[in-house]
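Observations on chain architecture
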Amino acid sequence: MSKTPHYLFPADYMADPSANVFNGKLYVYPSHDWESGIEENDNGDHFNMKDYHVFRIDDPDNGEAVDCGLLFSTDDIPWAGRQLWDNDVVEKNGKYYLIFCMKDQTDVFHLGVAVADSPEGPFAIQPDPIRGSYSIDPCVFKDDDGEVYCYFGGIWGGQLQRYDRNGKHLENAHLPEGNEKALPPRVAKMTDDVLQFAHEPKPIMILDENGEELSADNPHRFFEASWMHKYNGKYYYSYSTGDSHYLCYAVGDNPYGPFTYKGVILDPVVGWTTHHSIVEYKGKWYLFHHDSQPSGGRTWLRSMKVVEIEYNEDGTIKKVGEE
Ligand code: FUB
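Cut-offs applied
- Residues numbered from 1 in each chain as written.
- Predicted model: local features only at pLDDT ≥ 70, side-chain atom pairs only at ≥ 80, totals over all residues.
- Heavy atoms only, no water.
- Pairing = 2+ DSSP bridges.
- Helix = DSSP H or I, 4+ residues; strand = E, 2+ residues; numbered from the N terminus.
- Axes fitted to C-alpha atoms, helices over the stretch in contact; angles between N-to-C directions.
- Polar contact = N/O pair within 3.5 Å; in protein donor to acceptor, adjacent residues only side chain to side chain.
- Contact = heavy atoms within 4.5 Å.
- Patch = residues over 30% accessible without salt bridge, like charges linked within 9 Å, V, L, I, M, F, W, Y side chains within 5 Å.
- Areas by Shrake-Rupley, 256 points an atom, 1.4 Å probe, with all protein chains shown as cover.
- Salt bridge = Lys/Arg side-chain N within 4 Å of Asp/Glu carboxyl O.
- Buried < 20%, exposed > 50% of the residue type's maximum accessible area, 1.4 Å probe, protein only.
- Near = heavy atom within 4 Å.
- Nonpolar A, V, L, I, M, F, W, Y, C, P; charged D, E, K, R; others polar.
- Core = buried A, V, L, I, M, F, W, Y, C linked by side-chain atoms within 4.5 Å.

This part takes up the sheet that holds strand β2 (residues 14-22). One open sheet accounts for four strands, arranged β2-β3-β4-β5; its pairing is antiparallel. The outermost strands of the open sheet, each flanked by one partner alone, are β2 and β5 (65-73). When the angles between neighbouring strand axes are averaged without regard to direction, this sheet yields 25°. The pairing of β2 with strand β3 (residues 25-32) spans seven bridges and is antiparallel. In the sheet register, serine 18 faces β3, and the bridge partner there is tyrosine 29.

With that out of the way, let us pick up the side chain of serine 240. Looking at the secondary structure, you find serine 240 in strand β16 (residues 234-240). Within polar-contact distance, the side chain of serine 240 engages the backbone oxygen of threonine 274 at 3.3 Å. For serine 240, the residues in contact, after removing those within four places along its chain, are Arg221, Phe222, Phe223, Glu224, Ala225, Tyr246, Leu247 and Thr274.

The grouping of Trp156, Leu175 and Trp272 at the surface amounts to a nonpolar patch, some 240 Å² of accessible area in total. Note on placement: tryptophan 156 falls in the loop between β11 (148-152) and β12 (186-189). Given the relative accessible area of 30%, tryptophan 156 is considered partly exposed.

This part is about the site of the ligand. Every residue near the ligand is listed here: Asp16, Met49, Trp85, Ile136, Asp137, Glu224, Thr273, His275, His290 and Arg302. Within the side chain of histidine 275, one N or O atom sits 2.6 Å away from an oxygen atom of the ligand. One of the side-chain nitrogen or oxygen atoms of arginine 302 is found 2.7 Å away from an oxygen atom of the ligand. Taking 280 Å² as the accessible area of the ligand by itself, protein coverage stands at 99%. In terms of residue class, the shell around the ligand is made up of three nonpolar, three polar and four charged.

Right, let's talk about the environment of phenylalanine 259 for a bit. Mapping phenylalanine 259 onto the fold places it in strand β18 (residues 259-266). In this structure, phenylalanine 259 is in contact with Ile204, Met205, Ile206, Leu207, Met228, Tyr235, Tyr237, Ala250, Val251, Gly252 and Asn254, ignoring residues within four places of it in sequence.

Before going further, it helps to spend a moment on the nonpolar core. Counting 65 residues, the largest nonpolar core has Tyr151, Ile206, Tyr237 and Leu287 as the members making the most contacts within it. Not counting residues up to four positions away in its chain, the partners in contact with isoleucine 206 are Pro185, Glu212, Glu213, Leu214, Phe222, Tyr237, Tyr239, Ala250, Phe259 and Tyr261. Counting 20 residues, the second-largest nonpolar core is a separate cluster that includes Phe72, Ala80, Leu98 and Phe100.

Interpretation in functional terms is not warranted from these geometric data alone.
Structure follows, in structure tokens:
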């Protein structure tokens, strides 16, 4: 039976949904879209978000999300510039760590951390960004051994092209073209207190079936929206391809990769961006994502959706809408 995505919160625009199960409850941490009046441009200035809410979902098959309230806004962040984009939350030793991205006062993206005793907050924001952090779209993943990894990066407006593979700032940003290797997303293990990177972020290799890195002109290469989940002992790294508008995934044997490209999870949706998370809840797997259909295609006003997904026997993921 083909599953059909449904909207989770018709009352307001929410995007980039990061779904997590904490204490048996399913929570979603989205970006909060609004009409700020900023003109659309290639830098993504029109994505001018300024606060976060957390939602609980009791019935992902049919139900709507319940708004559990405002978590914090840019006014609460000591180093804030503008554009509070994607975030994600991880639990470690009974505390909840919300990792977010936003621009500082010089318009450079960094990642920040906020800590709470409950998944619904209140979250206390660290005074400074994570040292050595850059670019956007953090996903925080706790492995079975308790170690936490942060996946991140996004090209174009997400500024990843301003850094080389070792994180060194480049004087002249370079966006690879044609058969040059695509820009790789990044991963860093977090320190035990989940407040800093435990080492310099490493590039993530996404390889084709011949073991070659995907090239810049491959419509399935990485652009933004990292997500990590584990299924049957394998590490599934999924991401958005940005300007070709797919959600794709690649599979590896450890949190650092390399990951072998496996396919498309979701075809392009209404709106320029596509962004997602994948989580298991009560024995079923769900893809959370967004589109701009309810706003009539205004790409900065997105609505979150959910659909059940299934795996084939060989561990590949069935594309949404295919039998
Ligand atoms: O929501 C702002 C940006 O749009 C996100 O950081 C990207 O992944 C894209 O969804």
